[in-house]
Amino acid sequence: MTAQGSQSAIVIGAGLSGLLTSRALLDKGLDVTLVGMPDTRHQTLCAWRKLSEPPRFPEHLIGQWQQWDFSHDKSFLHQESSEYCYEAVDGLSLKCALEREFDAHEKGVRSKVLAIDIVKDARYFTVSTESANIQADLVFDSRPPSFCENTMVQQFAGIAVHGKPKRQLDAPLLMAFDHEHPLEDALVLIYVLPLADGSYLVEATLFGNNAVPDGYLESVALEWACVNIEGFDKTMSPVFSESG
């Protein structure tokens, strides 16, 4: 257990949510046990940021833009901002850095196993794992919950490819509604992000009532890349893929 007067916490899940929560709890002086296998998935994080505010993770920044595009039926809408930028962060790089930071912290204990159950009694939470039972004052479970009935699903799958776009892509293409698909209860769009090494992340995103196999959305992204990126075809392996 922990030293007298010191609060303890268990964080379940070692993705970005769990890692960032662990760091925040360590910064508050808690003893933290992080439970879960390392998350080695490629992950690209994008958001708008006020230019008056500094980047939160500058060492993991892929790029930032003050302009972005939309398209529908081959027509393009271009937008620019003098107050905001759209920026992309390498999520895998950030996760690896947070894992190293946690391992080096004297109040951090890393348990690279799966959590099985959580039980609370009058004093402690007990988390059962594949190898042991762990007790703490607090528990944060970062694993995604199950979808409730009648919940809309947002799902994406993408590939990073090398090549030259047939249309100039110096800025992110946030939404391209040019793909015809057979799904009657869903909206499918294409998202394209220029990456730092000259490649492009092409993602297909679905908004609908039901999830589909990742392979379907990846095939939509692959089809778009083959048509719109010169030098890339279906026989070539992507630089990396990601989904969620």
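What comes next is a walk through the structure. Numbering of residues starts from 1 in every chain and runs along the sequence as written. Residues qualify for local features only when their pLDDT is at least 70, as the model is predicted, and side-chain atom pairs are given and counted only at 80 or more; totals for whole chains, interfaces and linings, by contrast, use all residues. The side-chain quantities take in all heavy atoms of the structure and omit both hydrogens and water.

1. Observations concerning the sheet that holds strand β1 (residues 8-12)
Whether parallel or antiparallel, the strands of a sheet pair through hydrogen bonds between backbone atoms.
Line of reasoning, step 1. Pairing in this open sheet of 4 strands is parallel, and the strands run β8-β2-β1-β12 from one edge to the other. On the outer flanks of this sheet lie β8 (108-111) and β12 (138-141), each paired with one strand and no other. The mean inter-strand angle of the sheet, taken between neighbouring strand axes irrespective of direction, is 15 degrees.
Line of reasoning, step 2. Two strands form a pair only when DSSP identifies at least two bridges running between them. Under the DSSP-based scheme used, a helix requires at least four consecutive residues in state H or I and a strand at least two consecutive residues in state E, with every element numbered from the N terminus. Pairing of strand β2 (residues 31-35) with β8 involves 4 bridges; the strand directions are parallel. In the sheet register, Thr-33 faces β8, and the bridge partner there is Val-109.
Line of reasoning, step 3. The contact criterion used is simple: two residues touch if any of their non-hydrogen atoms lie within 4.5 Å. Only C-alpha atoms enter the line fits that serve as axes; for helices the fit covers just the stretch in contact. Angles between N-to-C directions range over 0 to 180 degrees. Sheet strands touched by helix α2 (residues 91-104): β2 and β8. Its angle to β8, the strand with the most contacts, is close to 120 degrees.

2. Overview of helix α3 (residues 214-228)
Line of reasoning, step 1. To estimate how far a helix should reach, multiply one less than its number of residues by 1.5 Å. In a regular helix each residue adds 1.5 Å, so 15 residues correspond to 21 Å; α3 covers 21 Å between its end C-alpha atoms and thus fits that length.
Line of reasoning, step 2. Throughout, exposure labels follow a simple rule: accessible area from a 1.4 Å probe, protein chains only, divided by the maximum for the residue type, with under 20% read as buried, over 50% as exposed, and the rest as partly exposed. Of the residues making up α3, those classed as buried are Leu-217, Val-220, Ala-221, Trp-224 and Ala-225. Projection of α3 onto a plane perpendicular to its axis shows the buried side chains occupying an angular sector of 135 degrees, all on one side.
Line of reasoning, step 3. As for α3, its buried residues are in contact with β13 (153-162), β15 (173-177), β16 (186-194), β17 (199-208) and β18 (229-230). To obtain the arc, one takes the directions from the helix axis to the C-beta atoms.

3. Structural notes on the sheet that holds strand β3 (residues 44-50)
Line of reasoning, step 1. The 3 strands lie next to each other as β3-β7-β4, forming an open sheet whose pairing is antiparallel. A single partner strand is all that each edge strand has here, and the edge strands are β3 and β4 (61-65). Averaged over all pairs of adjacent strands, the angle between their axes in this sheet comes to 20 degrees, without regard to strand direction.
Line of reasoning, step 2. Contacts between α2 and the sheet are confined to β3 and β7 (84-90), with β7 contributing the most and set at about 60 degrees to the helix.

4. Quick notes on the pattern of salt bridges
Line of reasoning, step 1. Whenever Lys or Arg places a side-chain nitrogen within 4 Å of a carboxyl oxygen from Asp or Glu, that contact is recorded as a salt bridge. Within the structure shown, the criterion is met by 9 salt bridges.
Line of reasoning, step 2. Across the salt bridge formed by Arg-41 and Asp-39, the nearest N and O atoms sit 2.7 Å from each other.
Line of reasoning, step 3. Overall, the relative accessible area of 52% leaves Arg-41 in the exposed class.
Line of reasoning, step 4. In this structure, Asp-39 and Lys-95 form a salt bridge, with 3.2 Å as the shortest nitrogen-oxygen distance. Separated by 56 residues along the polypeptide, Asp-39 in the loop between β2 and β3 and Lys-95 in helix α2 bring together distant segments of the chain. Just as Asp-39 is buried, Lys-95 falls in that class too.

5. Describing the packing of helix α1 (residues 16-27) against α2
Line of reasoning, step 1. Direction vectors running N to C along α1 and α2 enclose 35 degrees, while the axes themselves pass 10 Å from each other. Handedness of the α1/α2 crossing: left-handed. Contact with α1, carried on its side by Leu-16, Leu-19, Leu-20, Ser-22, Arg-23 and Leu-26, involves Gly-91, Leu-94, Lys-95, Leu-98, Glu-99, Glu-101 and Phe-102 of α2 and no other residues of that element.
Line of reasoning, step 2. Gly is placed with the polar residues, together with every amino acid not listed as nonpolar (Ala, Val, Leu, Ile, Met, Phe, Trp, Tyr, Cys and Pro) or charged (Asp, Glu, Lys and Arg). Taken together, the residues of the contact of α1 with α2 sort by class into 7 nonpolar, 2 polar and 4 charged. By convention, the crossing between two helices is left-handed when the near helix turns anticlockwise from the far helix through less than a right angle, and right-handed when the turn is clockwise.

6. Brief notes about the packing of aromatic side chains
Line of reasoning, step 1. The rule is short: rings of Phe, Tyr and Trp, with Trp giving its six-membered ring, pair when the centres are within 6.5 Å, and they are stacked under 30 degrees, edge-to-face over 60, tilted in between. Evaluated as defined, the whole model comprises 2 aromatic pairs.
Line of reasoning, step 2. Taken together, the aromatic side chains of Trp-48, Trp-68 and Tyr-86 make up a single cluster linked through ring pairs.
Line of reasoning, step 3. Here Lys-120 stacks its cationic end above the ring of Phe-125, 5.4 Å away from the centre of that ring.
Line of reasoning, step 4. Charge over a ring is defined by NZ of Lys or CZ of Arg lying within 6 Å of the ring centre and within 35 degrees of the ring normal. Note that Arg-167 overlies the ring of Phe-76, its terminal NZ or CZ placed 3.6 Å from the centroid.

7. With respect to unusual backbone geometry
Note: most peptide bonds trans; most residues except glycine with negative phi.
Line of reasoning, step 1. Backbone geometry places Asn-150, a non-glycine residue, at a positive phi of 65 degrees.
Line of reasoning, step 2. Relative to the elements of secondary structure, Asn-150 occurs in the loop between β12 and β13.

8. Side note on α2
Line of reasoning, step 1. Taking 1.5 Å per residue as the helical rise, α2 with its 14 residues ought to reach 20 Å, and the 20 Å between its terminal C-alpha atoms agrees with that figure.
Line of reasoning, step 2. Among all positions in α2, only Gly-91, Leu-92, Leu-94, Lys-95, Ala-97, Leu-98, Glu-99 and Phe-102 are buried.
Line of reasoning, step 3. Residues of α2 that are buried sit in contact with α1, β2, β3, β7 and β8.
Line of reasoning, step 4. As used in this structure description, the phrase polar contact means that two N or O atoms lie within 3.5 Å; if the pair is within protein, one of them must be able to donate a hydrogen and the other to accept it, and residues adjacent in sequence are counted only when both atoms belong to side chains. Its side-chain oxygen placed 3.1 Å from the backbone nitrogen of Leu-92, Asp-90 serves as the N-cap of α2.

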